[in-house]
Amino acid sequence: MRIDIPEGKHPIEYVWGDMVPEIGAAASNFSLSVYAHTTLGLREFEAARLRIAQINGCTLCQDWRTEKDGEKVEEEFAGAVEQWRTTDRFDERTRLAAEYAERYALDPHGLDEEFWARMTAAYGQAEIVELSMSLGSWLAFGRLNHVLGLDSVCVLPSG
């Protein structure tokens, strides 16, 4: 870890809560809201989330499977996310979610009119905003935890 954690303190709770309580609480609430209030389908949500986890290199996030309405994606799903361009396991919306996640994280200036034409044909505007905010949360907080060396002790919301 890059931050000194006092004995007996949980690193995530200390950094996010004790060190910067106003910012940390807001960030935590935002992060939790992405999971609690998503309107996206499970496969779309997980394709985007897992692609960001793969890009960030967070092992915990790559191994995690979000549960929605008592369901989780199949174990092989993460491998399909890595192969989003060629997999036959995805419908158009799921493939676009993985593509958007990758381009959002690695080439935001490359989101051209052709991409947006496909995106707006498959997703409504509110869904695009929701997905964009979710991607921002996963990218920012995953990288924050990784950069500070907290990703090994990260905890994700249940349910």
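Residues numbered from 1 in each chain as written. Predicted model: local features only at pLDDT ≥ 70, side-chain atom pairs only at ≥ 80, totals over all residues. Heavy atoms only, no water.

Caption draft 1: Highlighting the nonpolar core. In this structure, Met119, Tyr123, Leu131, Leu135 and Trp138 are the most contacted members of the largest nonpolar core, which totals 32 residues. Breaking this core down by element, the ones donating at least two residues are helix H2 (21–36), helix H3 (42–56), helix H5 (77–82), helix H6 (92–106), helix H7 (113–122) and helix H8 (125–147). Every residue in contact with Tyr123, bar those within four places of it in the chain, is listed here: Leu40, Glu44, Arg93, Thr94, Leu96, Ala97 and Ile128. Counting eight residues, the second largest nonpolar core, distinct from the first, contains Ile12, Trp16, Leu150 and Cys154. (Core = buried A, V, L, I, M, F, W, Y, C linked by side-chain atoms within 4.5 Å. Buried < 20%, exposed > 50% of the residue type's maximum accessible area, 1.4 Å probe, protein only. Helix = DSSP H or I, 4+ residues; strand = E, 2+ residues; numbered from the N terminus. Contact = heavy atoms within 4.5 Å.)

Caption draft 2: Local environment of the environment of Thr86. Here Thr86 shows up in the loop between H5 and H6. Through-space distance from the C-alpha of Thr86 to that of Gln125 is 26 Å; in sequence the pair is 39 residues apart.

Caption draft 3: Molecular detail of the pattern of salt bridges. According to the stated counting rule, one finds 14 salt bridges in the structure shown. Ionic pairing is found between Glu102 and Arg51, a salt bridge with its closest N-O pair at 2.9 Å. Of this pair, Glu102 sits in helix H6 while Arg51 sits in helix H3; the two residues are 51 residues apart in sequence, bridging distant segments of the chain. With relative accessibility at 10%, the residue Glu102 sits in the buried group. The salt bridge involving Glu127 is made with Arg93; its shortest N-O contact spans 2.8 Å. Here the residue Glu127 occupies a position in helix H8, and Arg93 occupies one in helix H6, the gap between them amounting to 34 residues. Judged by its relative accessible area of 21%, Arg93 is partly exposed. Linked by salt bridges that have partners in common, Glu99, Arg103, Asp112, Glu114 and Arg118 make up one network. (Salt bridge = Lys/Arg side-chain N within 4 Å of Asp/Glu carboxyl O.)

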